[in-house]
Amino acid sequence: MSEHFDVHGGARLTGEVEVVGAKNSVLKLMAAALLAEGTTTITNCPQILDVPLMADVLRSVGCTVDLDGDTARITTPAELSHRADSPAMSKLRASVCVLGPLVGRLKRAVVALPGGDAIGSRPLDMHQNGLRSLGATSTIEHGCVVAKADTLQGAQIWLDFPSVGATENILMAAVLANGTTVIDNAAREPEIVDICTMLVQMGADIEGAGTSTLTVHGVDALHPTEHRVIGDRIVGATWAFAAAMTRGDITVRGVNPHHLDLVLDKLRLAGAEVTPFDGTGFRIVQEDRPKSVDFVTLPYPGFATDLQPFAVALSSISEGTSMITENVYEARFRFIEEMQRLGADARTDGHHAVVRGVEKLSSAPVWASDIRAGAGLVLAGLCADGITEIWDVFHIDRGYPHFVENLNRLGARIERVAGDPERS
(Lines give C-alpha, C1' and ligand atoms only; values in the text may rest on other atoms or scores of the structure.)
Protein backbone atom coordinates (compact mmCIF):
# COMPACT_ATOMS: atom_id res chain seq x y z
CA MET A 1 0.00 0.00 0.00
CA SER A 2 1.48 3.34 -1.06
CA GLU A 3 1.22 6.64 0.75
CA HIS A 4 0.76 10.08 -0.71
CA PHE A 5 0.47 13.63 0.55
CA ASP A 6 -2.62 15.78 0.02
CA VAL A 7 -1.32 19.35 -0.11
CA HIS A 8 -3.89 22.14 0.12
CA GLY A 9 -2.89 25.26 -1.78
CA GLY A 10 -3.00 28.84 -0.58
CA ALA A 11 -1.19 28.70 2.76
CA ARG A 12 1.17 31.44 3.94
CA LEU A 13 3.84 29.80 6.11
CA THR A 14 4.82 31.61 9.30
CA GLY A 15 6.60 30.65 12.51
CA GLU A 16 9.79 28.90 13.61
CA VAL A 17 11.31 25.60 12.54
CA GLU A 18 14.30 23.72 13.93
CA VAL A 19 16.79 22.05 11.60
CA VAL A 20 18.53 18.91 12.86
CA GLY A 21 21.68 17.13 11.68
CA ALA A 22 22.63 16.97 8.03
CA LYS A 23 21.63 13.86 6.08
CA ASN A 24 24.65 14.35 3.81
CA SER A 25 26.94 14.29 6.84
CA VAL A 26 25.52 11.82 9.36
CA LEU A 27 25.71 8.78 7.06
CA LYS A 28 29.40 9.41 6.33
CA LEU A 29 30.14 10.01 10.02
CA MET A 30 28.52 6.66 10.81
CA ALA A 31 30.80 5.01 8.24
CA ALA A 32 33.84 6.73 9.76
CA ALA A 33 33.13 4.88 13.01
CA LEU A 34 34.44 1.76 11.23
CA LEU A 35 37.95 3.19 11.50
CA ALA A 36 38.26 2.74 15.28
CA GLU A 37 37.60 -0.17 17.59
CA GLY A 38 35.16 0.72 20.37
CA THR A 39 32.00 2.82 20.70
CA THR A 40 31.60 6.06 18.76
CA THR A 41 28.64 8.28 19.64
CA ILE A 42 27.06 10.61 17.08
CA THR A 43 24.48 13.15 18.27
CA ASN A 44 22.04 15.46 16.49
CA CYS A 45 21.21 12.65 14.05
CA PRO A 46 18.16 13.34 11.88
CA GLN A 47 15.35 10.83 12.33
CA ILE A 48 15.08 9.92 8.65
CA LEU A 49 14.83 6.58 6.86
CA ASP A 50 18.44 6.62 5.66
CA VAL A 51 19.91 6.47 9.19
CA PRO A 52 18.50 3.00 10.08
CA LEU A 53 19.45 1.84 6.57
CA MET A 54 23.06 2.87 7.20
CA ALA A 55 22.83 1.18 10.61
CA ASP A 56 21.91 -2.04 8.79
CA VAL A 57 24.93 -1.63 6.50
CA LEU A 58 27.23 -1.26 9.52
CA ARG A 59 25.64 -4.26 11.24
CA SER A 60 26.33 -6.33 8.12
CA VAL A 61 30.08 -5.92 8.68
CA GLY A 62 29.89 -6.75 12.39
CA CYS A 63 29.09 -3.50 14.21
CA THR A 64 26.50 -3.10 16.94
CA VAL A 65 24.38 0.00 16.31
CA ASP A 66 21.98 1.51 18.84
CA LEU A 67 19.69 4.28 17.58
CA ASP A 68 18.06 6.26 20.38
CA GLY A 69 16.22 9.40 19.24
CA ASP A 70 18.83 11.74 17.78
CA THR A 71 21.78 9.67 19.05
CA ALA A 72 23.58 6.81 17.30
CA ARG A 73 26.01 4.62 19.22
CA ILE A 74 28.19 2.50 16.97
CA THR A 75 30.33 -0.21 18.55
CA THR A 76 32.98 -1.40 16.13
CA PRO A 77 34.63 -4.74 16.98
CA ALA A 78 38.29 -5.61 16.69
CA GLU A 79 37.44 -8.08 13.93
CA LEU A 80 35.34 -6.60 11.14
CA SER A 81 33.99 -8.28 8.03
CA HIS A 82 35.28 -6.77 4.80
CA ARG A 83 32.04 -7.64 2.97
CA ALA A 84 29.38 -4.92 2.93
CA ASP A 85 26.60 -6.44 0.86
CA SER A 86 23.53 -5.84 3.03
CA PRO A 87 20.19 -5.49 1.15
CA ALA A 88 20.12 -1.94 2.55
CA MET A 89 22.98 -1.05 0.16
CA SER A 90 20.62 -1.06 -2.82
CA LYS A 91 18.41 1.58 -1.17
CA LEU A 92 21.13 3.99 -0.12
CA ARG A 93 23.60 5.85 -2.30
CA ALA A 94 25.72 6.92 0.69
CA SER A 95 26.35 3.28 1.58
CA VAL A 96 29.37 3.33 -0.74
CA CYS A 97 31.15 5.49 1.85
CA VAL A 98 32.02 2.32 3.82
CA LEU A 99 34.51 1.51 1.04
CA GLY A 100 37.23 3.90 2.22
CA PRO A 101 37.10 2.96 5.92
CA LEU A 102 37.12 -0.79 5.17
CA VAL A 103 40.09 -0.49 2.83
CA GLY A 104 41.85 1.84 5.26
CA ARG A 105 41.44 -0.45 8.25
CA LEU A 106 41.31 -3.95 6.73
CA LYS A 107 43.19 -3.34 3.46
CA ARG A 108 40.36 -5.04 1.59
CA ALA A 109 36.66 -4.53 0.92
CA VAL A 110 33.80 -5.99 -1.07
CA VAL A 111 31.07 -3.34 -1.22
CA ALA A 112 27.80 -3.81 -3.09
CA LEU A 113 27.10 -1.11 -5.66
CA PRO A 114 24.73 1.37 -4.05
CA GLY A 115 21.24 2.54 -4.95
CA GLY A 116 19.56 5.85 -4.04
CA ASP A 117 17.94 8.72 -5.87
CA ALA A 118 17.23 8.65 -9.61
CA ILE A 119 19.02 11.90 -10.45
CA GLY A 120 21.57 10.74 -12.99
CA SER A 121 24.84 8.86 -13.38
CA ARG A 122 27.17 8.87 -10.39
CA PRO A 123 30.05 6.56 -11.34
CA LEU A 124 32.68 5.39 -8.86
CA ASP A 125 35.69 5.97 -11.12
CA MET A 126 37.22 8.67 -8.92
CA HIS A 127 36.70 6.59 -5.78
CA GLN A 128 38.49 3.64 -7.37
CA ASN A 129 41.27 5.71 -8.93
CA GLY A 130 41.96 7.33 -5.58
CA LEU A 131 42.30 3.93 -3.89
CA ARG A 132 44.57 2.76 -6.72
CA SER A 133 46.79 5.79 -6.15
CA LEU A 134 47.14 4.68 -2.53
CA GLY A 135 48.29 1.24 -3.69
CA ALA A 136 45.07 -0.78 -3.77
CA THR A 137 43.59 -2.71 -6.65
CA SER A 138 39.94 -1.95 -7.38
CA THR A 139 37.54 -3.66 -9.76
CA ILE A 140 33.80 -4.15 -10.25
CA GLU A 141 32.85 -7.81 -9.90
CA HIS A 142 29.37 -9.35 -9.64
CA GLY A 143 27.75 -6.04 -8.71
CA CYS A 144 30.34 -5.15 -6.07
CA VAL A 145 33.37 -2.90 -5.76
CA VAL A 146 36.27 -5.21 -4.85
CA ALA A 147 39.37 -3.51 -3.44
CA LYS A 148 42.47 -4.92 -1.76
CA ALA A 149 46.00 -3.86 -0.87
CA ASP A 150 49.04 -5.24 0.91
CA THR A 151 49.72 -1.78 2.30
CA LEU A 152 48.41 1.71 1.62
CA GLN A 153 50.98 4.40 0.83
CA GLY A 154 50.32 8.13 0.80
CA ALA A 155 50.11 9.71 -2.64
CA GLN A 156 49.37 12.90 -4.56
CA ILE A 157 45.80 12.58 -5.87
CA TRP A 158 44.05 14.94 -8.27
CA LEU A 159 40.26 14.70 -8.61
CA ASP A 160 38.88 15.54 -12.06
CA PHE A 161 35.77 16.90 -10.31
CA PRO A 162 35.42 17.93 -6.64
CA SER A 163 33.27 14.91 -5.82
CA VAL A 164 32.04 14.79 -2.23
CA GLY A 165 31.82 10.99 -2.16
CA ALA A 166 35.24 10.43 -3.72
CA THR A 167 36.83 12.98 -1.39
CA GLU A 168 35.30 11.21 1.62
CA ASN A 169 36.30 7.69 0.59
CA ILE A 170 39.88 8.65 -0.27
CA LEU A 171 40.16 10.68 2.93
CA MET A 172 38.95 7.80 5.13
CA ALA A 173 41.35 5.35 3.47
CA ALA A 174 44.28 7.79 3.70
CA VAL A 175 44.03 8.52 7.43
CA LEU A 176 45.48 5.05 8.19
CA ALA A 177 47.88 4.91 5.22
CA ASN A 178 51.66 5.15 5.49
CA GLY A 179 53.03 8.61 4.76
CA THR A 180 51.27 11.72 3.49
CA THR A 181 48.38 11.96 1.04
CA VAL A 182 47.48 15.20 -0.72
CA ILE A 183 44.03 15.39 -2.33
CA ASP A 184 43.86 18.25 -4.85
CA ASN A 185 40.56 19.63 -6.17
CA ALA A 186 38.90 18.13 -3.10
CA ALA A 187 35.28 18.89 -2.27
CA ARG A 188 34.86 21.91 0.04
CA GLU A 189 31.34 21.30 1.37
CA PRO A 190 30.58 21.92 5.06
CA GLU A 191 29.90 18.18 5.31
CA ILE A 192 33.54 17.53 4.33
CA VAL A 193 34.65 19.88 7.11
CA ASP A 194 32.35 17.98 9.48
CA ILE A 195 33.88 14.59 8.72
CA CYS A 196 37.40 16.05 8.95
CA THR A 197 36.52 17.48 12.37
CA MET A 198 35.34 14.08 13.59
CA LEU A 199 38.35 12.26 12.15
CA VAL A 200 40.72 14.69 13.87
CA GLN A 201 38.85 14.08 17.13
CA MET A 202 39.54 10.37 16.52
CA GLY A 203 43.27 11.05 16.18
CA ALA A 204 43.68 11.68 12.45
CA ASP A 205 46.12 14.33 11.18
CA ILE A 206 44.35 16.37 8.49
CA GLU A 207 45.10 19.86 7.17
CA GLY A 208 43.09 22.06 4.79
CA ALA A 209 39.49 21.13 5.64
CA GLY A 210 37.19 23.49 3.75
CA THR A 211 39.79 24.23 1.07
CA SER A 212 40.41 22.53 -2.27
CA THR A 213 43.58 20.83 -0.97
CA LEU A 214 43.44 18.25 1.82
CA THR A 215 46.71 17.03 3.32
CA VAL A 216 46.46 13.80 5.30
CA HIS A 217 49.36 12.51 7.38
CA GLY A 218 48.68 8.84 8.04
CA VAL A 219 48.57 7.56 11.63
CA ASP A 220 48.80 4.05 13.05
CA ALA A 221 45.34 3.89 14.65
CA LEU A 222 42.28 5.95 15.53
CA HIS A 223 40.14 5.92 18.66
CA PRO A 224 36.37 6.33 19.20
CA THR A 225 34.89 9.76 19.85
CA GLU A 226 31.64 11.64 20.41
CA HIS A 227 30.60 14.08 17.72
CA ARG A 228 27.62 16.35 16.99
CA VAL A 229 26.42 16.47 13.37
CA ILE A 230 26.27 19.93 11.78
CA GLY A 231 22.85 21.35 10.89
CA ASP A 232 21.40 20.36 7.52
CA ARG A 233 21.93 23.28 5.15
CA ILE A 234 19.76 21.68 2.45
CA VAL A 235 16.80 21.35 4.83
CA GLY A 236 17.44 24.88 6.07
CA ALA A 237 17.37 26.14 2.50
CA THR A 238 14.15 24.22 1.86
CA TRP A 239 12.42 26.25 4.58
CA ALA A 240 13.94 29.44 3.16
CA PHE A 241 12.41 28.70 -0.25
CA ALA A 242 9.13 27.77 1.44
CA ALA A 243 8.98 31.24 3.01
CA ALA A 244 9.78 32.96 -0.28
CA MET A 245 7.29 30.92 -2.32
CA THR A 246 4.36 31.32 0.08
CA ARG A 247 5.12 34.98 0.85
CA GLY A 248 5.69 33.86 4.41
CA ASP A 249 7.77 34.67 7.47
CA ILE A 250 9.87 31.75 8.74
CA THR A 251 12.66 31.70 11.31
CA VAL A 252 15.01 28.76 10.77
CA ARG A 253 17.21 27.63 13.65
CA GLY A 254 19.91 24.99 13.98
CA VAL A 255 21.91 25.69 10.82
CA ASN A 256 24.87 27.98 10.12
CA PRO A 257 23.65 30.71 7.72
CA HIS A 258 27.17 31.07 6.30
CA HIS A 259 26.71 27.59 4.79
CA LEU A 260 23.87 29.18 2.77
CA ASP A 261 25.41 32.53 1.81
CA LEU A 262 24.71 32.16 -1.91
CA VAL A 263 21.19 30.79 -1.37
CA LEU A 264 20.26 33.66 0.92
CA ASP A 265 21.72 36.17 -1.56
CA LYS A 266 19.55 34.68 -4.33
CA LEU A 267 16.44 35.01 -2.14
CA ARG A 268 17.33 38.64 -1.42
CA LEU A 269 17.39 39.22 -5.19
CA ALA A 270 13.95 37.58 -5.35
CA GLY A 271 12.68 40.21 -2.92
CA ALA A 272 12.98 38.48 0.45
CA GLU A 273 14.14 40.21 3.61
CA VAL A 274 16.88 38.00 5.07
CA THR A 275 18.15 38.31 8.64
CA PRO A 276 20.95 35.88 9.58
CA PHE A 277 21.74 35.00 13.21
CA ASP A 278 25.37 34.47 14.07
CA GLY A 279 26.06 30.81 13.34
CA THR A 280 22.65 29.61 14.50
CA GLY A 281 19.98 30.37 11.89
CA PHE A 282 18.16 33.05 9.92
CA ARG A 283 14.78 34.63 9.24
CA ILE A 284 13.16 34.96 5.80
CA VAL A 285 10.26 37.37 5.18
CA GLN A 286 8.68 37.67 1.71
CA GLU A 287 5.90 40.24 1.41
CA ASP A 288 5.32 40.41 -2.35
CA ARG A 289 5.39 38.04 -5.28
CA PRO A 290 8.99 36.86 -5.79
CA LYS A 291 11.02 38.32 -8.65
CA SER A 292 12.71 36.04 -11.18
CA VAL A 293 16.32 35.05 -10.49
CA ASP A 294 18.76 32.93 -12.52
CA PHE A 295 20.43 29.90 -10.89
CA VAL A 296 23.51 27.87 -11.85
CA THR A 297 24.33 24.67 -9.92
CA LEU A 298 27.99 24.14 -9.03
CA PRO A 299 30.00 22.38 -6.33
CA TYR A 300 30.22 24.23 -3.02
CA PRO A 301 30.48 27.19 -2.47
CA GLY A 302 28.29 27.36 -5.58
CA PHE A 303 24.53 26.79 -5.64
CA ALA A 304 23.92 23.16 -4.62
CA THR A 305 22.42 20.78 -7.16
CA ASP A 306 20.22 19.46 -4.32
CA LEU A 307 18.48 22.85 -4.33
CA GLN A 308 17.80 22.97 -8.05
CA PRO A 309 14.18 21.71 -7.70
CA PHE A 310 13.46 24.57 -5.30
CA ALA A 311 14.96 27.04 -7.74
CA VAL A 312 12.62 25.70 -10.44
CA ALA A 313 9.63 25.76 -8.08
CA LEU A 314 10.33 29.34 -6.98
CA SER A 315 10.84 30.46 -10.57
CA SER A 316 7.54 28.88 -11.60
CA ILE A 317 5.53 31.37 -9.51
CA SER A 318 7.91 34.36 -9.73
CA GLU A 319 7.39 37.55 -11.71
CA GLY A 320 9.44 37.30 -14.91
CA THR A 321 11.57 34.63 -16.59
CA SER A 322 14.39 32.64 -14.99
CA MET A 323 17.10 30.43 -16.43
CA ILE A 324 18.28 27.46 -14.37
CA THR A 325 21.49 25.72 -15.44
CA GLU A 326 22.27 22.23 -14.10
CA ASN A 327 25.97 21.36 -14.17
CA VAL A 328 26.13 18.39 -11.79
CA TYR A 329 23.39 15.74 -12.33
CA GLU A 330 21.86 15.45 -15.76
CA ALA A 331 18.61 13.81 -14.68
CA ARG A 332 17.59 16.46 -12.16
CA PHE A 333 15.37 18.10 -14.79
CA ARG A 334 12.91 15.20 -14.74
CA PHE A 335 11.39 17.25 -11.90
CA ILE A 336 10.22 19.76 -14.51
CA GLU A 337 7.89 17.19 -16.10
CA GLU A 338 6.00 17.01 -12.81
CA MET A 339 6.01 20.80 -12.45
CA GLN A 340 4.41 21.02 -15.89
CA ARG A 341 1.56 18.89 -14.57
CA LEU A 342 1.01 21.68 -12.05
CA GLY A 343 0.85 24.29 -14.78
CA ALA A 344 4.42 25.54 -14.69
CA ASP A 345 5.62 27.21 -17.89
CA ALA A 346 9.02 25.53 -18.12
CA ARG A 347 11.09 24.22 -21.00
CA THR A 348 14.43 22.41 -21.01
CA ASP A 349 17.26 22.46 -23.53
CA GLY A 350 20.23 20.31 -22.59
CA HIS A 351 21.37 21.37 -19.16
CA HIS A 352 19.36 24.62 -19.22
CA ALA A 353 15.76 25.25 -18.22
CA VAL A 354 13.79 28.40 -18.97
CA VAL A 355 10.93 29.03 -16.54
CA ARG A 356 8.35 31.77 -17.08
CA GLY A 357 6.55 32.51 -13.86
CA VAL A 358 2.77 32.23 -13.52
CA GLU A 359 0.72 33.81 -10.76
CA LYS A 360 -0.67 30.50 -9.48
CA LEU A 361 -0.13 26.84 -10.21
CA SER A 362 -2.98 24.33 -10.60
CA SER A 363 -3.36 21.16 -8.57
CA ALA A 364 -2.71 17.73 -10.10
CA PRO A 365 -1.36 14.31 -9.08
CA VAL A 366 2.46 14.31 -9.27
CA TRP A 367 5.26 11.85 -8.48
CA ALA A 368 8.47 12.44 -6.55
CA SER A 369 11.57 11.03 -8.27
CA ASP A 370 14.01 11.85 -5.46
CA ILE A 371 14.20 13.48 -2.02
CA ARG A 372 14.52 17.10 -3.13
CA ALA A 373 12.12 16.77 -6.06
CA GLY A 374 9.51 15.48 -3.63
CA ALA A 375 9.98 18.38 -1.24
CA GLY A 376 9.95 20.81 -4.17
CA LEU A 377 6.62 19.43 -5.34
CA VAL A 378 5.18 19.93 -1.84
CA LEU A 379 6.21 23.59 -1.91
CA ALA A 380 4.75 23.94 -5.40
CA GLY A 381 1.50 22.37 -4.16
CA LEU A 382 1.28 25.05 -1.50
CA CYS A 383 1.22 27.60 -4.34
CA ALA A 384 -1.46 25.79 -6.40
CA ASP A 385 -5.22 26.04 -6.33
CA GLY A 386 -7.05 23.03 -4.90
CA ILE A 387 -5.43 19.87 -3.51
CA THR A 388 -2.23 18.48 -5.02
CA GLU A 389 -1.56 14.74 -4.59
CA ILE A 390 2.12 13.87 -4.26
CA TRP A 391 3.07 10.21 -4.64
CA ASP A 392 6.21 8.22 -3.81
CA VAL A 393 6.66 10.28 -0.67
CA PHE A 394 9.02 7.67 0.82
CA HIS A 395 11.69 9.70 -0.97
CA ILE A 396 10.84 12.74 1.16
CA ASP A 397 10.96 10.65 4.34
CA ARG A 398 14.55 9.72 3.48
CA GLY A 399 15.66 13.35 3.82
CA TYR A 400 13.20 15.30 5.97
CA PRO A 401 12.33 14.37 9.55
CA HIS A 402 8.79 15.29 10.62
CA PHE A 403 8.20 17.11 7.32
CA VAL A 404 4.39 17.03 7.43
CA GLU A 405 4.29 17.99 11.10
CA ASN A 406 6.65 20.94 10.60
CA LEU A 407 4.66 22.20 7.62
CA ASN A 408 1.38 22.01 9.49
CA ARG A 409 2.89 23.88 12.45
CA LEU A 410 3.90 26.65 10.05
CA GLY A 411 0.33 26.98 8.79
CA ALA A 412 0.17 24.57 5.87
CA ARG A 413 -2.56 21.99 5.47
CA ILE A 414 -1.04 18.71 4.39
CA GLU A 415 -2.10 15.14 5.14
CA ARG A 416 -0.41 11.79 4.72
CA VAL A 417 -2.89 9.41 3.08
CA ALA A 418 -2.66 5.65 2.44
CA GLY A 419 -3.77 4.36 -0.93
CA ASP A 420 -2.61 3.19 -4.35
CA PRO A 421 -2.13 5.74 -7.14
CA GLU A 422 -3.82 5.59 -10.52
CA ARG A 423 -1.15 7.13 -12.70
CA SER A 424 -2.65 9.36 -15.38
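Residues numbered from 1 in each chain as written. Predicted model: local features only at pLDDT ≥ 70, side-chain atom pairs only at ≥ 80, totals over all residues. Heavy atoms only, no water.

Caption draft 1: Summary view of the sheet that holds strand E19 (residues 321-325). The sheet built from four strands is open, its strands ordered E18-E19-E21-E20 with mixed pairing. Across the chains shown, the open sheet's two edge strands, defined by having one partner strand only, are strand E18 (295-296) and strand E20 (345-349). Direction of pairing for E20 relative to strand E21 (residues 352-356): antiparallel, over a ladder of five bridges. In the sheet register, Asp 345 faces E21, and the bridge partner there is Arg 356. (Pairing = 2+ DSSP bridges. Helix = DSSP H or I, 4+ residues; strand = E, 2+ residues; numbered from the N terminus.)

Caption draft 2: Seen up close, the nonpolar core. In terms of nonpolar packing, the biggest core is built from 78 residues, with Met 30, Val 98, Leu 199 and Leu 222 touching the most fellow members. Ignoring sequence-local partners within four residues, the contact set of Leu 199 consists of Ala 32, Leu 35, Leu 171, Met 172, Val 175, Ala 204, Ile 206 and Leu 222. (Core = buried A, V, L, I, M, F, W, Y, C linked by side-chain atoms within 4.5 Å. Buried < 20%, exposed > 50% of the residue type's maximum accessible area, 1.4 Å probe, protein only. Contact = heavy atoms within 4.5 Å.)

Caption draft 3: Broad picture of the pairing of strand E5 (residues 71-76). Relative to E5, strand E3 (residues 38-43) is paired through five bridges, and the arrangement is antiparallel. Bridge pairing in E5 places Gly 38 opposite Thr 76. Both strand E4 (residues 64-68) and E5 contribute to a ladder of five bridges, which runs antiparallel. The partner of Thr 64 across the bridge, within E5, is Thr 75. Linking E4 to E5, which pair antiparallel, is a turn of two residues; within it Gly 69 sits at a positive phi near 65°.

Caption draft 4: Layout of helix H5 (residues 164-174). Most of H5 sits out of view: nine of its eleven residues are buried. Inspection of H5 places Ala 166, Thr 167, Glu 168, Asn 169, Ile 170, Leu 171, Met 172, Ala 173 and Ala 174 among the buried residues, and these make up the whole buried set.

Caption draft 5: Spatial organisation of the sheet that holds strand E15 (residues 249-253). If you walk across this open sheet you meet the four strands as E2-E15-E17-E16, and the pairing is mixed. The sheet is open, and its two edges are formed by strand E2 (14-18) and strand E16 (273-277), each paired on a single side. The sheet shows a mean angle of 10° between the axes of neighbouring strands, taken without regard to direction. Two elements, E2 and E15, share five bridges in a ladder whose sense is parallel. Looking across to E15, one finds that Glu 16 is bridged to Thr 251. (Axes fitted to C-alpha atoms, helices over the stretch in contact; angles between N-to-C directions.)

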